[in-house]
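Residue strings, one per chain:
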Amino acid sequence: GVVERHCSGRVWPAALTLLEHLTRDDRCLPPGARVLELGAGTGYMALKATKRRPDVRWCATETAHEDAAERLASNLEAAHAAARAETDELHQRSPPPLGENPGSMSAGPPTDGFFFGCETEKKKTSRHKRVASSALEWSDAARSPLAREPWDVVVGSDLVYGEAGARDLATCLAAMLLPREEEGEDGISGDAQTKKKRRKPFPSCFLAQTCGRWGGYGYDAALYRSLRAVGLRATAVGGESLSDSDEMRQHVCVFSVAPSLGGAEPGASEDEAHHPLLRAQRLRAAAEAAAEVGISEDDRAAAEAEKAMQEAFL
């Protein structure tokens with residue numbers, strides 16, 4: 001079910017870093033946490049995380065583009081089938097005590113209210129399934145049933161591969177994380193007290209990003225700007241921030257994403273100097289400035305002429 005030409009068809013290193021960060025203790029994934037994963041790809045992190053933490057309820061999502069959501073569902077179903085076969089074999093080798101119902105020994109948590117609005121799991125569920133799946137388009141996330149579910153944690157790894165993707169991810173996270181008032185069944189909000197009761201608490205969010213890709217020409221800064229534009233802030237909490245290094249290289253950093261606190265947070269100038277999502281842009285600009293110092297006037301004139309010619313043909 002893996003298609004390597006699509007970014008969802010392989011397991012990226014950031015997923016491994018995020019998996020370790022999430023499962024090392026209960027601070028990131030509280031007992032019984034309801035988890036929404038964005039850009040789940042092959043389903044690797046969902047399956048590994050719920051194997052380590054069987055108490056967690058997990059919904060893995062993907063875009064319907066290029067059949068990514070369909071491949072994800074297929075991968076998860078194959079894993080569930082293998083788990084069923086393994087459990088059945090275990091039961092055959094070790095029969096239950098006399099008088100005990102064999103069906104009561106099925107692995108996995110109860111399914112009552114387990115899969116929330118995850119589309120692919122509404123029709124058929126199994127006690128072997130700890131992971132549900134659903135299609136989710138980030139640009140339209142606010143209208144998805146998943147945006148109205150009571151998630152405790154939202155996670156994702158290496159989700160940004162372009163400016164548009166960064167904007168769409170920020171739009172999706174705003175729908176999932178920012179407090180908003182729930183409408184009544186008739187679509188009309190009630191009085192202030194009713195609104196207060198319906199106010200949806202925002203979940204915690206952890207994103208792993210491989211920073212510094214493509215020689216510093218990746219989309220870390222685009223993610224930073226897009227999050228700020230919708231009132232969210234990413235704070236480094238794990239992985240490698242490389243805050244004390246000027247080496248230009250790839251590194252995975254885990255960020256906690258939460259609503260901005262305004263004046264209680266570092267300003268733009270401080271972020272320019274220290275934020276991990278702006279590190280590659282900062283180092284690249286410094287390298288280009290250093291190279292500019294050593295260039296001769298003739299070379300500079302030639303470079304400007306070539307640039308002007310290229311722009312004329314655009």
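The structure contained in this document is the topic of the report that follows. In this text, all values refer to a predicted model and were calculated from it rather than measured experimentally. (Residues numbered from 1 in each chain as written. Predicted model: local features only at pLDDT ≥ 70, side-chain atom pairs only at ≥ 80, totals over all residues. Heavy atoms only, no water.)

## Looking at empty space enclosed by the protein
Rolled over the atoms, a probe with the dimensions of a water molecule shows which regions are left empty.
Right, so step 1: Enumeration according to the criterion identifies two cavities of 30 Å³ or more in this entry.
Right, so step 2: Quantified by volume, the largest cavity comes out at close to 70 Å³.
Right, so step 3: Forming the walls of the largest cavity are 15 residues, and the residues nearest its centre are Leu169, Leu207, Ala208, Gln209 and Leu223.
Right, so step 4: At the level of secondary structure, the elements contributing two or more residues to the lining of the largest cavity comprise strand E4 (153–157), strand E5 (204–211), helix H6 (220–229) and strand E7 (251–259).
Right, so step 5: Counted by class, the lining of the largest cavity contains eleven nonpolar, three polar and one charged residues. (1 Å grid on protein atoms, 1.4 Å probe; cavity = no way out; pocket = protein on both sides within 12 Å on 5 of 7 lines; lining within 4 Å. Points joined across faces, edges and corners; volume = space filled by probe spheres on them. Helix = DSSP H or I, 4+ residues; strand = E, 2+ residues; numbered from the N terminus. Nonpolar A, V, L, I, M, F, W, Y, C, P; charged D, E, K, R; others polar.)

## What to know about the side chain of Glu62
Right, so step 1: Position of Glu62 relative to the elements: it lies in strand E2 (residues 57–62).
Right, so step 2: This buried residue, Glu62, is left without a salt bridge; Arg71 holds the nearest opposite charge, at 7.0 Å. (Buried < 20%, exposed > 50% of the residue type's maximum accessible area, 1.4 Å probe, protein only. Lys, Arg positive; Asp, Glu negative; His and termini not counted. Salt bridge = Lys/Arg side-chain N within 4 Å of Asp/Glu carboxyl O.)

## Focus on the pattern of salt bridges
Right, so step 1: Within the structure shown, the criterion is met by eleven salt bridges.
Right, so step 2: Between Arg27 and Asp25 there is a salt bridge, with its nearest N and O atoms 2.9 Å apart.
Right, so step 3: Owing to a relative accessible area of 69%, Arg27 belongs among the exposed residues under this scheme.
Right, so step 4: Looking at Asp25, the relative accessible area reads 22%, which means it is partly exposed.
Right, so step 5: Residue Arg249 pairs with Glu247 through a salt bridge whose shortest N-O separation is 3.4 Å.
Right, so step 6: When its relative accessible area of 28% is taken as the criterion, Arg249 is described as partly exposed.
Right, so step 7: Its relative accessible area of 45% is what places Glu247 among the partly exposed residues.

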